[in-house]
Amino acid sequence: MAMNKRKMRVVHGNSLLFGNNYGPYPKRTTYNFSALGKMRPRVPISYFSCSTEEWHKEVFRERVNSDTFSIELVLEGIFNYTRDGKSYQVHPGEIFFVQLGKNSSMCTATETATKRTVIIEGSGLQHTLEYLELDNLVIFKPVTLERITSIMDKFVELGARATFDNFRMACVESYKLLLEISAQSKELRRPAELQRAIEFIHENLENNLTLHDIVVNAQASCATLHRQFRKYLNVSPVEYFINAKMDMAHGLLASSSLSVKEIASKLNYSSQQYFASEFKKRYGKTPSEIRNQ
């Protein structure tokens, strides 16, 4: 059966998306919360959709001044990806990124190819991408692919039922996905001691850690670890730990129904007042003010 090539074009503000579809391609299965409509809560890091897409070599997409951020994991075949004039071939197990404000295009280098696409949005997304050093990533080969695919599997599980609780959990998983990609991408260029310290901190955000705990688990001297944290992250190990706790608290305030007292307890703060004081130092507002927003 002959298949026709069909042009498509979408304009949204200053952003332009155009290209070709071909017969039933791209074949797409999508999990999102569109059934909730405009009732979805507005959160700084917001899940939009996760889809599995099979493309034909006749399918093409180009974005100008993209208003979308997406994480594209290649499952089968090879994709050709161009960003700001530079071309790349992306193979199975590798990820390419559609970045906000960038120009890019994509098609397949093989007859067909399949990818998994996760789209994340939110008012705090750009700042978070910059903070996690993800805003300029083009191609990324995960160190531990299973950690990333397990989060994407969670999106499918949550998206199967369009409830508010599942949407909030999907937003939390979106932030975890960004953290995981950030950690793995930095793992490729950070000293091993520093990476061990960072992983230990993020695995123990609900505990009270001392500098001694971090140093011992990093298998480094105190002086070495301080020097590496300052060089690569511009904070001390303890400051990094507190900041990571506060980031987790902010995410829980925005996307869970836990009370401020419960969040303080979850993060092992003995005093709700002390927790609120530490939170305000970082965000300029109390947990209650953030929750009310």
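Above: the structure in question.
None of the values given here were measured: they were computed from a predicted structure. (Residues numbered from 1 in each chain as written. Predicted model: local features only at pLDDT ≥ 70, side-chain atom pairs only at ≥ 80, totals over all residues. Heavy atoms only, no water.)

## Details of the overall build of the protein
We count it as follows: Strands here mean DSSP runs of E at least two residues long; helices mean DSSP runs of H or I at least four residues long; both are numbered from the N terminus. Three exposure classes are used, based on accessible area relative to the maximum for each residue type with a 1.4 Å probe and protein chains only: buried under 20%, partly exposed in between, and exposed over 50%. Pairs of residues are marked as contacts when any of their non-hydrogen atoms sit within 4.5 Å. Only the protein chains shown count as cover for residues, with accessible areas throughout obtained via the Shrake-Rupley method and a probe of 1.4 Å.
Across its full length, the protein carries ten helices and twelve strands. If you line up the protein on its principal axes, its C-alpha atoms span 70 × 45 × 35 Å. Going through the 293 residues of the protein one by one, you find that 46% of them count as buried. When contacts within the protein are restricted to residue pairs at least 6 apart in sequence, long-range pairs at least 24 apart make up 69% of them. Surface summary for the protein: the accessible area is close to 14,800 Å², and the carbon and sulfur share equals 49%.

## Some points on the packing of aromatic side chains
Stated formally: Any pair of Phe, Tyr and Trp rings, taking the six-membered ring for Trp, is counted once the centres come within 6.5 Å. Such a pair is stacked with planes under 30 degrees apart, edge-to-face with planes over 60 apart, and tilted for the rest.
If you walk through the whole model with that rule in mind, you get twelve aromatic pairs. Look at F33 and F167: their rings are 5.6 Å apart centre to centre, the planes differ by 70 degrees, and that puts the pair in the edge-to-face class. Taken as a pair, F33 in the loop between β3 (27-32) and β4 (46-56) and F167 in helix α3 (residues 164-187) lie far apart in primary sequence, 134 residues in all. The buried category is assigned to F167, whose relative accessible area is 1%. Judged by centre distance (4.7 Å) and plane angle (35 degrees), the ring pair of F279 and Y283 falls under tilted. Highlighted residues: F279 and Y283, both in helix α9 (residues 272-283), separated by four residues, approximately one helical turn. Note on F279: relative accessible area 0%, which makes it buried. Taken together, the aromatic side chains of Y269, Y274, F275, F279 and Y283 make up a single cluster linked through ring pairs.

## A few points about the nonpolar core
Inside soluble globular proteins, nonpolar side chains tend to come together where they are buried. Worth spelling out the cut-off: Within this scheme, the nonpolar core is defined by two criteria: the residues are buried Ala, Val, Leu, Ile, Met, Phe, Trp, Tyr or Cys, and they are joined through side-chain atoms within 4.5 Å.
In terms of nonpolar packing, the biggest core is built from 31 residues, with I71, L178 and I181 touching the most fellow members. For this core, the elements supplying multiple residues, two or more each, are β4, β6 (69-76), β9 (95-98), β11 (112-121), α1 (125-131), α2 (145-159) and α3. At seven residues, the largest contribution of residues to this core is made by α3. Excluding its chain neighbours within four sequence positions, the residues that come into contact with I181 are I71, F97, L134, L137, F140 and I148. By size, the runner-up hydrophobic cluster in this structure holds 18 residues, among which are F200, A220, L233 and V235.

## Structural notes on the sheet that holds strand β5 (residues 60-64)
We count it as follows: DSSP-based pairing: two strands are paired if at least 2 bridges between them are found. Here an axis means a line fitted to C-alpha atoms, over the contact stretch when the element is a helix, while the angle between two N-to-C directions is reported on a 0 to 180 degree scale.
Taken in spatial order, the six strands line up as β1-β2-β5-β10-β7-β8 in an open sheet, and their pairing is antiparallel. Bordering the open sheet on either side are β1 (5-12) and β8 (86-90), each of which pairs with just one other strand. Between one strand axis and the next, the sheet turns by 15 degrees as a mean value, whatever way the strands run. Examined bridge by bridge, β1 and strand β2 (residues 15-22) share eight bridges and lie antiparallel to one another. Each bridged residue has a counterpart across the sheet, and for R9 the counterpart in β2 is F18.

## Details of the pattern of salt bridges
The criterion, for reference: The term salt bridge refers to a side-chain nitrogen of Lys or Arg lying within 4 Å of a carboxyl oxygen of Asp or Glu.
Applying the stated rule across the entire model yields 15 salt bridges. When the shortest N-O distance is used, the salt bridge between K57 and E111 registers 3.4 Å. Separated by 54 residues along the polypeptide, K57 in the loop between β4 and β5 and E111 in the loop between β10 (104-108) and β11 bring together distant segments of the chain. Judged by its relative accessible area of 46%, E111 is partly exposed. As a salt-bridge pair, E180 and R147 come within 3.7 Å of each other at their nearest N and O atoms. Of this pair, E180 sits in helix α3 while R147 sits in helix α2; the two residues are 33 residues apart in sequence, bridging distant segments of the chain. Taking the relative accessible area as the measure of exposure, R147 reaches 39% and is therefore partly exposed.

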